[in-house]
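Breakdown of the fold
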Amino acid sequence: MSKDLTKKAVEMLLKGATLISDPCPYCKGVRVMKDGHALCVNCGREAKEEDIPILEEKIEQNPALAKFEQKLKELSEELEHEKDHHKQQQIMKSITDLMEIIEKLRK
């Protein structure tokens, strides 16, 4: 996961983007959705949601992965409402760390 993609994903989250529970169909990475466009923070592919092909096999979710993804959603919501710059930075660091862990668990 490149730092540029992570930075872009965090910027999108700050502007109201949401995390997508379905992984990237190309690399199974974490995706962020804004204005109908989904950005994969792993491979960098960005497409309209309707352009993304459906995976032929359903990815089985393990409990640890589900918990990390839920925490990621909670942190992104917290970041959206946080006004304190220092706390925003702490939340963004936590989001970045969680995204890296999720990527490792998905592989």
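Above this text you will find the structure in question.
Residues numbered from 1 in each chain as written. Predicted model: local features only at pLDDT ≥ 70, side-chain atom pairs only at ≥ 80, totals over all residues. Heavy atoms only, no water.

Re the overall build of the protein
Our working rule: Elements are defined by DSSP. Helices are runs of H or I of four residues or more, strands are runs of E of two residues or more, and each kind is numbered from the N terminus. When accessible area is computed with a 1.4 Å probe and restricted to protein chains, residues below 20% of their type maximum are described as buried, those above 50% as exposed, and intermediate ones as partly exposed. Should any heavy atoms of two residues lie within 4.5 Å, those residues are considered in contact. For accessible areas, the Shrake-Rupley method is used with a probe of radius 1.4 Å. Any residue's cover is judged against the shown protein chains and nothing else.
Within the protein, the secondary structure is distributed over three helices and four strands. Mapped in sequence order, the helices and strands of the protein form the string α-β-β-β-β-α-α. Here the protein holds 107 residues, and the buried ones make up 37% of them. For the protein, restricting intrachain contacts to residue pairs at least 6 apart in sequence, the fraction spanning at least 24 positions comes to 47%. Counting every atom, the protein has about 7,000 Å² of accessible surface; 49% of that belongs to carbon and sulfur.

So, the nonpolar core
Selection criterion: Residue types Ala, Val, Leu, Ile, Met, Phe, Trp, Tyr and Cys, when buried and joined through side-chain atoms within 4.5 Å, form a set referred to as a nonpolar core.
Counting residues in each nonpolar core, the largest one holds 21 residues, and the members touching the most others are Leu19, Val30, Val32, Val41, Leu72, Ile95 and Met99. Of all the elements in the fold, those that place two or more residues in this core are helix 1 (3–14), helix 2 (63–81) and helix 3 (85–106). When residues in this core are grouped by element, the largest group, six residues, is from helix 3. If sequence neighbours within four positions are ignored, Ile95 has contacts with Leu13, Leu72, Leu75, Ser76 and Leu79.

Concerning the pairing of strand 2 (residues 31–34)
As a reminder, the rule being used: Paired strands are those between which DSSP finds at least two bridges.
Both strand 1 (residues 18–20) and strand 2 contribute to a ladder of three bridges, which runs antiparallel. Looking at strand 2, one finds that Leu19 is bridged to Val32. Relative to strand 3 (residues 37–40), strand 2 runs antiparallel, the two being bridged by four bridges. If you follow Lys34 over to strand 3, its bridge partner there is His37.

Notes on the side chain of Arg31
Selection rule: As used in this structure description, the phrase polar contact means that two N or O atoms lie within 3.5 Å; if the pair is within protein, one of them must be able to donate a hydrogen and the other to accept it, and residues adjacent in sequence are counted only when both atoms belong to side chains.
Among the structural elements, Arg31 can be located in strand 2. Given a relative accessible area of 3%, Arg31 falls into the buried group. Among the polar contacts listed, one links the side chain of Arg31 to the backbone oxygen of Asp22, at a separation of 3.3 Å.

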